[in-house]
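Residue strings, one per chain:
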Amino acid sequence: MKIWANSGDSHYMEPADLYSNGLPKELAERMPRSVKAEDGSSETIYVDGKSFTRDMPKISTVVGKGGKTLTQALEAPGSKDIDIRQADLDQEGIWAELIYPSVGLWNAMITDPVLAREAVKVANDWAVEVQSKSVRHVMPAQISPLDVQDAVDEVLRMAGKGIKAINLPCSTPKDIPDFNRPYWNPLWDVMHETEMVIAVHTGAGGEDPVAFHGPGAGTVNYLWASYSGMTMAALMAASGILDTRPGLKLIISEAGATWVPFVGDRLNEAYRQHSDFIRDNLTRTPKEILYDQVYASFQHDETAVQALTAMGYNNVMWGSDYPHIEGTFGHTQKTLHELFDDEPESVRYRITQGAFLECFPHVGTPPLQGIE
Ligand code: MN
């Protein structure tokens, strides 16, 4: 029996000539690009005059059923071709996806407001085109995190073109007011009014992703990347931004799910026990706000289902992370069966489809329910 799922965490590779076609040359050459080392051992990301290098996986490692190497998995044909992608989705049992950009996730490193404003317009027009091909592709638009008026204008432009979500970085660039500052209130208001879902991919726009070096560093850096998404959600809950706009929904992708009860407990203790020092006035506790308005996507986490069944957190959302190596491409059905075979139908439905549908009701349900 095939389990159909929506994915709250997927990726698509922008065309290599997206910015060279859409931007003047002097802007296009400063956009994010990845240059692989000749021996394939590392890649360097260049963005707007800055760069950093990270190790690449060994290509001999085998992942997934069918014995795909990491390189083959990363080259899943549907990662660059939206028509082929649907065959991959059908095979894996994935109906609709929230599809993040790939190199666009580095856009938060841009420091020139003109470059940021013009680049997201080009990327977003492409996202609109991709989304128009199928109701299964939910493409979040990007905004400039450098100027609130540019961001508001782009949200309105995208709402007019049928975009349902806005992709924000986990934090604002250096020297720009943090997201909890009143400076950004017009952005929250316009997203609330246009019913945009806030889509945040953990790690993007957070601290340096290569925080540690040496033994264990690669594993711990992956954990490190998930903190930025948790912190972003905590700030949105504690600041009152979500509390005063109860229709606003925030998805934190690829940081797991059990952090939500944990972070909620930490915030509640501070809010309650430090009430003499904390002057924020919320109508609900921070944990209630997180539980109501924040959705969290995971791929494999063994304890994620229990965030719902044992800790009362209903907004657990599954995600494939297609086509990334942390994702489930090649073994999606095995993973879904391991997660849900011992769970009630209502739990499986909520995590694989219901939570996603609450954010994006327009995607509907898969044509094939249950037996294939
Ligand atoms: Mn991801």
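A quick note: this is a predicted structure, and the numbers were derived from the prediction, not measured.

Chemist: What is the right way to read empty space enclosed by the protein from this model?
Modeler: Here the idea is plain: a probe the size of a water molecule rolls over the atoms and shows the empty space left. Across all of its chains, the model carries two cavities of 30 Å³ or more by this definition. Empty space within the largest cavity amounts to approximately 150 Å³. In terms of lining residues, the largest cavity is bounded by 16 residues, among which Gly-104, Asn-107, Ala-108, Gln-142 and Pro-169 are the most central. Elements represented by at least two residues in the lining of the largest cavity include exactly α5 (113-131) and β10 (165-168). The greatest single-element share of the lining of the largest cavity, amounting to three residues, is contributed by α5. Considered class by class, the residues forming the lining of the largest cavity number eleven nonpolar, five polar and no charged.

Chemist: Explanation requested: the sheet that holds strand β7 (residues 94-100) in the structure shown.
Modeler: Think of a sheet as strands paired side by side through backbone hydrogen bonds, with each pair either parallel or antiparallel. With parallel pairing, the three strands of this open sheet are ordered in space as β1-β7-β8. Each having just a single partner strand, β1 (5-11) and β8 (137-138) make up the two edges of the open sheet. Bridge count for β1 against β7 is four bridges, and the pairing is parallel. If you follow His-11 over to β7, its bridge partner there is Tyr-100. Helix-sheet contacts for helix α4 (residues 82-92) involve β1, β7 and β8, and the interaxial angle to β7 is about 130°.

Chemist: What is the right way to look at the coordination of the manganese ion in this model?
Modeler: When a metal carries six donors in an octahedron, the ideal angles between them are 90 or 180 degrees, while four donors in a tetrahedron ideally lie at 109.5 degrees. Taken together, the protein donors to the manganese ion comprise Asp-9 (OD), His-11 (NE2), His-201 (NE2), Glu-254 (OE) and Asp-321 (OD), at separations of 2.1 to 2.3 Å. One chain supplies every donor to the manganese ion, and in sequence these donors are spaced D-x1-H-x189-H-x52-E-x66-D. Here Asp-321 lies in the loop between β14 (316-318) and α12 (332-340) and His-11 lies in strand β1, a separation of 310 residues in the sequence. The residues His-11 and Asp-321 share a single accessibility class, namely buried.

Chemist: How should the sheet that holds strand β11 (residues 197-201) be read in this particular structure?
Modeler: Pairing is parallel in the open sheet, where six strands are placed in the order β9-β10-β11-β12-β13-β14. The open sheet has two edge strands, β9 (141-142) and β14, and neither has a second partner. Bridge count between strand β13 (residues 294-298) and β14: three bridges; the pairing is parallel. Bridge pairing links Ala-296 to Val-316 in β14. Across the face of the sheet, helix α7 (residues 185-193) comes into contact with β10 and β11 while running at roughly 150° to β10. Against the sheet, helix α8 (residues 217-238) makes contact with β10, β11, β12 (250-253) and β13, and its axis sits at roughly 165° relative to β12, the strand it touches most.

Chemist: Can you help me understand the side chain of Arg-245 in this one?
Modeler: Assignment of secondary structure puts Arg-245 in the loop between α8 and β12. Of the polar contacts made by the side chain of Arg-245, one reaches the side chain of Thr-244; its length is 3.2 Å. Dropping the residues within four chain positions of it, Arg-245 is found in contact with Asn-185, Trp-188, Asp-189, His-192 and Gln-293.

Chemist: What is the right way to look at the environment of Leu-250 in this model?
Modeler: Relative to the helices and strands, Leu-250 resides in strand β12. By relative accessible area, which is 0% here, Leu-250 ends up buried. C-alpha separation for the pair Leu-250 and Ala-296, spaced 46 residues apart in sequence, amounts to 8.6 Å.

Criteria and cut-off values
Residues numbered from 1 in each chain as written. Predicted model: local features only at pLDDT ≥ 70, side-chain atom pairs only at ≥ 80, totals over all residues. Heavy atoms only, no water. 1 Å grid on protein atoms, 1.4 Å probe; cavity = no way out; pocket = protein on both sides within 12 Å on 5 of 7 lines; lining within 4 Å. Points joined across faces, edges and corners; volume = space filled by probe spheres on them. Helix = DSSP H or I, 4+ residues; strand = E, 2+ residues; numbered from the N terminus. Nonpolar A, V, L, I, M, F, W, Y, C, P; charged D, E, K, R; others polar. Pairing = 2+ DSSP bridges. Contact = heavy atoms within 4.5 Å. Axes fitted to C-alpha atoms, helices over the stretch in contact; angles between N-to-C directions. Donors = N, O, S within 2.8 Å, 3.2 Å for Na, K, Ca; no water. Buried < 20%, exposed > 50% of the residue type's maximum accessible area, 1.4 Å probe, protein only. Polar contact = N/O pair within 3.5 Å; in protein donor to acceptor, adjacent residues only side chain to side chain.

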